[in-house]
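Per-entry structural report
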Amino acid sequence: QVQLVQSGGGLVQPGGSLRLSCAASGVTFTTHAMSWYRQGPGKDRELVAFITSPHDSPIYANSVKGRFTFSSDNAKNTIYLQMDSLKPEDTAVYYCNARTVKENKEYDYWGQGTQVTVSS
């Protein structure tokens, strides 16, 4: 059974930093692509960063490139999103995602979401 449990997030002033964590069970990073998404108020869910395997470099959305860092700890089966130089437009609910393909069918698993609010 796949379970993604998120932690971190909260309220931070512009220019501040936060780190999100996503502890995965029932998932192996070698068979699941791992991603962070976010959904701001009144907006569609957007892809923030992802890796397709533990050996690949993360890919970032242009809006967060240079400010956010995606990392993983294979021993803890946990992924992280370090968010620096936060802006008000980064305010959103952030979700981690694990995706795999089995017998030509795609499976998506989601964390519970965590609120990030950037405001003075």
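Our subject in this report is the structure included herewith. Note that the structure is a prediction, hence the values are computed from the model and not measured. (Residues numbered from 1 in each chain as written. Predicted model: local features only at pLDDT ≥ 70, side-chain atom pairs only at ≥ 80, totals over all residues. Heavy atoms only, no water.)

1. Describing the sheet that holds strand 1 (residues 3-8)
The antiparallel open sheet is built from four strands, whose spatial order is 1-3-8-7. Edge positions in the sheet fall to strand 1 and strand 7 (68-73), since each of these pairs with one other strand and no more. In this sheet, neighbouring strand axes are inclined to one another by 15 degrees on average, regardless of whether the strands run parallel or antiparallel. Pairing geometry for strand 3 (residues 18-25) and strand 8 (residues 78-83), over six bridges, is antiparallel. If you follow Ser21 over to strand 8, its bridge partner there is Tyr80. (Pairing = 2+ DSSP bridges. Helix = DSSP H or I, 4+ residues; strand = E, 2+ residues; numbered from the N terminus. Axes fitted to C-alpha atoms, helices over the stretch in contact; angles between N-to-C directions.)

2. Quick word on the pairing of strand 9 (residues 92-102)
Note: strand 4 (residues 33-39) against strand 9, seven bridges, orientation antiparallel. In the sheet register, Tyr37 faces strand 9, and the bridge partner there is Tyr95. Across six bridges, strand 9 lies against strand 10 (residues 105-110) in antiparallel orientation. Looking at strand 10, one finds that Thr100 is bridged to Tyr107.

3. Quick word on the packing of aromatic side chains
Tallied over the entire structure, the rule returns two aromatic pairs. Their ring planes at 65 degrees and their centres at 5.1 Å tell us that Tyr37 and Trp110 sit as a pair that is edge-to-face. Highlighted residues: Tyr37 in strand 4 and Trp110 in strand 10, separated in sequence by 73 residues. Look at Tyr37 and you get buried, because its relative accessible area is 12%. Classification of Trp110 by relative accessible area gives partly exposed; the value is 33%. Pairing Tyr95 with Trp110 gives two aromatic rings, centres 6.3 Å apart and planes at 90 degrees, and the pair type is edge-to-face. Highlighted residues: Tyr95 in strand 9 and Trp110 in strand 10, separated in sequence by 15 residues. Through a chain of ring-to-ring contacts, three or more aromatic side chains come together here, namely Tyr37, Tyr95 and Trp110. In this structure, Arg45 is placed above the aromatic ring of Tyr95, and the distance from its NZ or CZ to the ring centre is 3.9 Å. Positioned over the ring face of Trp110 is Arg45, at 4.5 Å from the centre of the ring. (Phe/Tyr/Trp six-rings, centres within 6.5 Å; stacked < 30°, edge-to-face > 60°. Buried < 20%, exposed > 50% of the residue type's maximum accessible area, 1.4 Å probe, protein only. Lys NZ or Arg CZ within 6 Å of the ring centre and 35° of its normal.)

4. Thoughts on the pairing of strand 5 (residues 46-51)
As judged from the five bridges shared by strand 4 and strand 5, these two strands associate in the antiparallel manner. Counterpart to Met34 in the pairing with strand 5 is Ile51. The turn joining strand 4 and strand 5, which pair antiparallel and follow one another in sequence, is formed by six residues; a positive phi near 70 degrees is taken by Gly42.

5. Some details on unusual backbone geometry
Phi angles above zero are rare outside glycine, and Asn77 is one such case at about 50 degrees. As for its placement among the helices and strands, Asn77 is situated in the loop between strand 7 and strand 8. Backbone geometry at Glu103 places phi at a positive 50 degrees, although glycine is not the residue there. The residue Glu103 is located in the loop between strand 9 and strand 10 in this model. Here Glu103 falls in the exposed class, since its relative accessible area comes to 80%.

Function cannot be inferred from these measures alone, as they are strictly geometric.
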